[in-house]
Amino acid sequence: MFNCLTAATVLIAGCAGGVAKEVDVEEATPPPSSSPSSPPDHSAFVAAVNALADEALRHGPIAGFSVAVFEHGKPVLATGYGFADVEAGVAATADTSYPIASLTKHFTAGAILRLADQGKLSLDDPLSRFFPAARPRIGALTIRHLLDHTSGLTRGGPAPRRAALSVIRRGGTARAQGEDWNYSNYNFSLLGLVIEQVSGRDYAAYVRDELAAPLGLAGTGYCEDGSPVPGRGQDYQSGVKSVSSTPYWRDPRFFAAGGLCSTVLDRVKWESALEDGRVISPAMLQAMRTPARVSDGSEADYGYGTRLGFTGRHRKLGHTGGGPSNKAVLARYPDEDVTVAVLLNTERTNARMTATDLEERIERLFFGIDEPSPSASPPEQHLRRYTGEYRDGSRLVRVATANGVLTVRPGLGHRPDSRLASGGGDVFLDTQEPSMELRFQLRGDRPHGYLRYHNGWFVGLGVRR
């Protein structure tokens, strides 16, 4: 059996699933020295990730995936596991290009903010500036509200380009602009149309010429229409014990909300370019990472095309993406200068292992954080302060108490109900799935809403009625 750890170096490689391929990164094991300039020894971390990868491939089952972990701009790990193409026997590597689904929103937001820096649009521009024939309620939507999902659009599911054009001519909104936070792919498909209108180029060409090529993102490009991208692998659907090819990510479904392919190394390069001011100005970058605020003063942990969240006490930002299940994630830890990217080529409804599962477990290994677990339940009278009805997107959620825990109906993770145990302070964990949690927001001593998280990423806002 191939041994990932050699006597002198750590081979950053696809060691799971019978695949081993060396990647050209610096040695991860330092020479014996106490010098402050010696690089940290990450060999135990790499070995733990290799073991986690082997578990994921076997129990997913997953055809292949890639991982990159960078600290202070240097690679700790950059590799692929399993296969990019099972049928052809092509190993997954750090240069394998995958559909990144909603991570595309991070690129689309960067493009819009870049155009704003160039004076070609304003974040307060309504859509009617670019589409004078737009239906009034759609024409009134501003770029700013589309960027942070506070536009009032509540349409779920795919948002292909033709459907976004239809929304401009015939669409409406379910809520007033700025009143609520509600994730919709249509927000970003409409932004893709704005990019085309302002730049005079189609979205794919704009991404290629203005973002990917100048930044050296060789494995990044528009791919959902079947366009070739260097390093592009195959896509798979996971069954009980095996995987099978799927055409899901080669049909037009998401346009500027989810139509790009990329690599884990390109994702790290993109985040570095944002930090270095090579895409947008520092002011725009700060705005990109600032939580949205709705009309009642509640904050949603989502910036402009940027999810926000936590792993333990470590603040993270980036985005997640997927179709039937989560298959892509980019996490940036600005306080620690650490970036983690995980891309999978396999999906499954109710998947046993997703990209955010892997990402969070990798980060917990890296930072030495225990898995989340409930703490002692607070007194009943303390729990009662959280009870009541909350509007969570299109759902009306009731929080109550029962036998010393909070109950939520309808529950988290699409269950009929959930029982929540204390995670400390105003944080509560789902007792069946601790990766799901609610963080209540208080005004004085009374909660006025909650933020909903999964694997540490913000996914929903509940506002108390």
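**Brief notes about the sheet that holds strand S6 (residues 236-238)**
Pairing within the open sheet is mixed, and its 3 strands lie in the order S7-S6-S15. Each having just a single partner strand, strand S7 (243-245) and strand S15 (346-347) make up the two edges of the open sheet. Note that S6 and S7 share 3 bridges and pair antiparallel. The residue bridging Ser 238 from the neighbouring strand is Val 243, located in S7.

**Considerations on the confidence of the model for the protein chain**
With 92% of its residues at a pLDDT of 70 or more, the protein chain has an overall mean of 91. Low pLDDT, under 50, characterises residues 1-35; the stretch is placed with 70 contacts to residues that sit more than four places away or in other chains.

**Examining the pattern of salt bridges**
Going through the model one piece at a time under the given rule, you end up with 29 salt bridges. Put simply, Glu 275 and Arg 289 hold a salt bridge, and the shortest N to O gap is 3.1 Å. Of the two residues, Glu 275 sits in helix H8 (residues 264-275) while Arg 289 sits in the loop between helix H9 (282-288) and strand S9 (292-293), which places them 14 residues apart along the sequence. A relative accessible area of 31% places Glu 275 in the partly exposed class. With a relative accessible area of 17%, Arg 289 lands in the buried category. Residue Glu 360 is joined to Arg 364 by a salt bridge in which the shortest nitrogen-to-oxygen separation is 3.5 Å. You can see Glu 360 and its partner Arg 364 sitting in helix H10 (residues 355-367), 4 residues apart, about one turn around the helix.

**A look at the side chain of Lys 105**
Looking at the element boundaries, Lys 105 is found in helix H2 (residues 104-117). No salt bridge forms around the buried Lys 105; measuring N to O, its nearest opposite-charge neighbour Glu 224 is 10 Å away. Among the polar contacts listed, one links the side chain of Lys 105 to the side chain of Tyr 183, at a separation of 3.0 Å.

**Structural notes on the packing of aromatic side chains**
Tallying each qualifying case throughout the model produces 21 aromatic pairs. Both rings, one in Phe 440 and one in Tyr 450, keep their centres 5.9 Å apart while their planes meet at 75°; by these two values the pair is edge-to-face. In this pair, Phe 440 is assigned in strand S21 (residues 436-443) and Tyr 450 in strand S22 (residues 446-454), connecting sequence segments 10 residues apart. Here Phe 440 and Tyr 450 have matching classes, each one buried. Through a chain of ring-to-ring contacts, the aromatic side chains of Trp 181, Tyr 183, Tyr 302, Phe 310, Tyr 453 and Phe 458 assemble into a single cluster. The aromatic ring of Tyr 186 is capped on one face by Arg 155, whose charged end is 5.3 Å from the ring centroid. The ring centre of Tyr 248 lies 3.9 Å from the NZ or CZ of Arg 253, which sits over that ring.

**Some points on the side chain of Thr 246**
Inspection of the secondary structure assignment puts Thr 246 in the loop between S7 and strand S8 (260-262). For Thr 246, a relative accessible area of 18% gives the class buried. Side-chain polar atoms of Thr 246 contact the backbone nitrogen of Tyr 248, separated by 3.2 Å. In this structure, Thr 246 is in contact with Asp 235, Tyr 236 and Gln 237, ignoring residues within four places of it in sequence.

**Digging into helix H1 (residues 43-59)**
Here H1 spans 24 Å end to end across 17 residues, near enough to the 24 Å set by a 1.5 Å rise per residue. Of the residues making up H1, those classed as buried are Ser 43, Phe 45, Val 46, Val 49, Asn 50, Leu 52, Ala 53, Ala 56 and Leu 57. Buried residues in H1 make contact with strand S1 (64-71), strand S2 (74-85) and H10.

**Here we look at the nonpolar core**
Ile 112, Leu 123, Leu 147 and Leu 190 are the most contacted members of the largest nonpolar core, which totals 78 residues. Discounting chain neighbours no more than four positions away, the residues touching Leu 147 are Ala 109, Ile 112, Leu 113, Leu 123, Phe 188, Leu 191, Tyr 302, Gly 303, Tyr 304 and Gly 305. In terms of nonpolar packing, the next biggest core, distinct from the first, is built from 28 residues, Val 69, Tyr 81, Met 353 and Leu 358 among them.

**Examining the packing of helix H5 (residues 161-170) against helix H6 (residues 185-199)**
With their axes 9 Å apart at the nearest point, H5 and H6 run at an angle of 90° to one another. Here H5 lies roughly perpendicular to H6, going by the angle between them. Seen from H5, the contacting residues are Arg 161, Ala 163, Ala 164, Leu 165, Val 167 and Ile 168; seen from H6, they are Tyr 186, Ser 189, Leu 190, Leu 193 and Glu 196. Within the contact of H5 with H6, the residues separate by chemical class into 8 nonpolar, 1 polar and 2 charged.

Rules of the game
Residues numbered from 1 in each chain as written. Predicted model: local features only at pLDDT ≥ 70, side-chain atom pairs only at ≥ 80, totals over all residues. Heavy atoms only, no water. Pairing = 2+ DSSP bridges. Helix = DSSP H or I, 4+ residues; strand = E, 2+ residues; numbered from the N terminus. pLDDT = per-residue confidence, 0-100. Contact = heavy atoms within 4.5 Å. Salt bridge = Lys/Arg side-chain N within 4 Å of Asp/Glu carboxyl O. Buried < 20%, exposed > 50% of the residue type's maximum accessible area, 1.4 Å probe, protein only. Lys, Arg positive; Asp, Glu negative; His and termini not counted. Polar contact = N/O pair within 3.5 Å; in protein donor to acceptor, adjacent residues only side chain to side chain. Phe/Tyr/Trp six-rings, centres within 6.5 Å; stacked < 30°, edge-to-face > 60°. Lys NZ or Arg CZ within 6 Å of the ring centre and 35° of its normal. Expected span 1.5 Å × (residues − 1). Core = buried A, V, L, I, M, F, W, Y, C linked by side-chain atoms within 4.5 Å. Axes fitted to C-alpha atoms, helices over the stretch in contact; angles between N-to-C directions. Parallel < 35°, antiparallel > 145°, perpendicular 65-115°, else oblique. Nonpolar A, V, L, I, M, F, W, Y, C, P; charged D, E, K, R; others polar.

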